[in-house]
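Structural description and commentary
Single-letter residue listing:
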Amino acid sequence: MSAPEPMLKRPCHIPEKAKFPVIDAHNHLFGDYDHEEMLKVMDEVGVRGFINVTGNTILPYENNCYTIQRRDIRVFVENYIKLHQGRFAAFTMSDFAQWGDPMLLKDNNFTDRAIQHLEEDVARGACGLKVTKELGLFFRDSAGSMIPVDDRRLFPVWQRAGELNAPVLIHVSDPVAFFLPVDERNEHYQTLQEFPHWSFHGSHFSKWELLEQRDRIVGGHPKTTFILPHVANNPEDLDYVSKLLDRFPNVYIDFSARIDELGRQPYSARDFFIAYQGRVLFGADMPVTTNIYRCYFRFLETNDEYFDYPDYIGRWGHSRWKIYGLHLPDSVLKKVYHENALRAISNLDIILDG
Ligand SMILES: [Zn+2]
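Report on the accompanying structure.

1. Quick look at the pairing of strand β1 (residues 22-27)
With six of its six residues buried, β1 lies for the most part within the structure. What joins β1 to strand β2 (residues 47-52) is helix α1 (residues 35-45), and the crossover it makes is right-handed.

2. Focus on α1
Every buried residue belonging to α1 is among H35, M38, L39, V41, M42 and V45, and all of these are buried. Buried residues along α1 cover an arc of 160 degrees about the axis, so they all sit on one side. Packing partners of the buried residues in α1 comprise β2, α2 (73-81), β7 (88-90) and α11 (290-301). Backbone geometry just after α1 places G46 at a positive phi near 90 degrees.

3. Things to note about the coordination of the zinc ion
Binding of the zinc ion to the protein goes through H26 (NE2), H28 (NE2) and D285 (OD), at separations of 2.1 to 2.3 Å. Donor residues for the zinc ion sit on one chain with the sequence pattern H-x1-H-x256-D. Residue H28 is found in the loop between β1 and α1, and its partner D285 is found in the loop between β14 (280-281) and α11; the two are separated by 257 residues along the sequence. With respect to class, H28 is no different from D285; both count as buried.

4. Some details on the packing of α1 against α11
Following both chains from N to C, one finds α1 and α11 inclined at 30 degrees, their axes separated by 9 Å at the closest point. In terms of orientation, α1 and α11 fall into the roughly parallel class. The chirality of how α1 crosses α11 is right-handed. Of the residues in α11, those touching α1 at V41, E44 and V45 are T290, Y293, R294 and F297.

5. Digging into the sheet that holds strand β11 (residues 168-170)
What the five strands build is an open sheet, ordered β9-β11-β12-β13-β14; its pairing is parallel. With partners counted over all chains shown, the strands left at the sheet margins are β9 (129-131) and β14, one partner each. Pairing of β11 with strand β12 (residues 226-228) involves two bridges; the strand directions are parallel. Its bridge partner being in β12, V168 is matched across the sheet by F226.

6. Let's talk about the state of the cysteines
One pass over the full model with this rule turns up zero disulfides. In this structure C295 is not part of a disulfide, and its nearest cysteine sulfur, from C12, lies 9.8 Å away. The buried category is assigned to C295, whose relative accessible area is 4%.

7. Re unusual backbone geometry
For residues that are not glycine, phi is negative in most cases, and the peptide bond is trans in most cases. Positioned with a positive phi, S173 is a non-glycine residue whose angle comes to about 70 degrees. Residue placement: S173 occurs in the loop between β11 and α5 (189-194). A residue is classified by how much of its surface remains accessible, and S173, at 1% relative accessible area, is buried.

What counts and how
Residues numbered from 1 in each chain as written. Predicted model: local features only at pLDDT ≥ 70, side-chain atom pairs only at ≥ 80, totals over all residues. Heavy atoms only, no water. Buried < 20%, exposed > 50% of the residue type's maximum accessible area, 1.4 Å probe, protein only. Helix = DSSP H or I, 4+ residues; strand = E, 2+ residues; numbered from the N terminus. Right-handed = clockwise from strand over helix to strand, strands pointing away. Arc of directions from axis to C-beta. Contact = heavy atoms within 4.5 Å. Donors = N, O, S within 2.8 Å, 3.2 Å for Na, K, Ca; no water. Axes fitted to C-alpha atoms, helices over the stretch in contact; angles between N-to-C directions. Parallel < 35°, antiparallel > 145°, perpendicular 65-115°, else oblique. Left-handed = near helix turned anticlockwise from the far one by under 90°. Pairing = 2+ DSSP bridges. Disulfide = S-S within 2.5 Å.

Shown next as structure tokens:
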């Protein structure tokens, strides 16, 4: 069933380039992208820096889903970061880079090994630690128990990341509707029909339990910087995210792959960006094209109304609803585009004026 065609006429102002230099602080290598091609896209739209947050993996897209394959971080360091000084950076997943096998804590040495590999990758140039959503939803210990996000056995990892000045970018839970029954009333019904493995209805921990677990590790490690992606994975409730940022000064958020959520509440989202302008990082989190970046700039910079956006995997024509631009002041744009990333990620080597 195709949606009716809107007759609304509004002007369209798609920026060719971002108004200020951009650091894409949350993205991945979806397959083995050619760095020259990536730089061409980045230069065309004004993206100065690209952070591959899963630097010790590649994420090939197969059978309607991304899989994680581990790869030595030195491949990315040599072939991207060192070849183009100041344009690329990487986080490592350390030993959390595991796919297919749910047993994460196979023995008592997981934490020691993860710390050792984190230290090694930081020495090789990684500037942060990335943890994907499998923690809390999928990973189990050797006894077969689901590992909560705030499992005490993992605390030394968060502690050590802080000592290494490596921010922890941790994805916990997913959109609210991914945890609800998959039926016509679900606002992500089409998405979940196409990607059934994105549904966490009936998960061991509820979405709210997962967020509470996450917030406990954030509160329990005040000397570690946490970057909570996708608007702290709760963009449906900006009051919650505001309180979280008020409570924990060691938290930043990014809004990667969530302009759909923010753009359907443009008044609240604009107030939120202005109130927390020092805490928000730019990220796309999808295969990069000029059109995708320009849509993000349109969302942040213009007051355009009722427009489309790319879906979670960067496709057009899958909008669940339309979005509205935030028309942010220049001072806020500068912070969101690059200043906050440079502050949150202290070892980041991105050169803005090239
Ligand atoms: Zn991501």
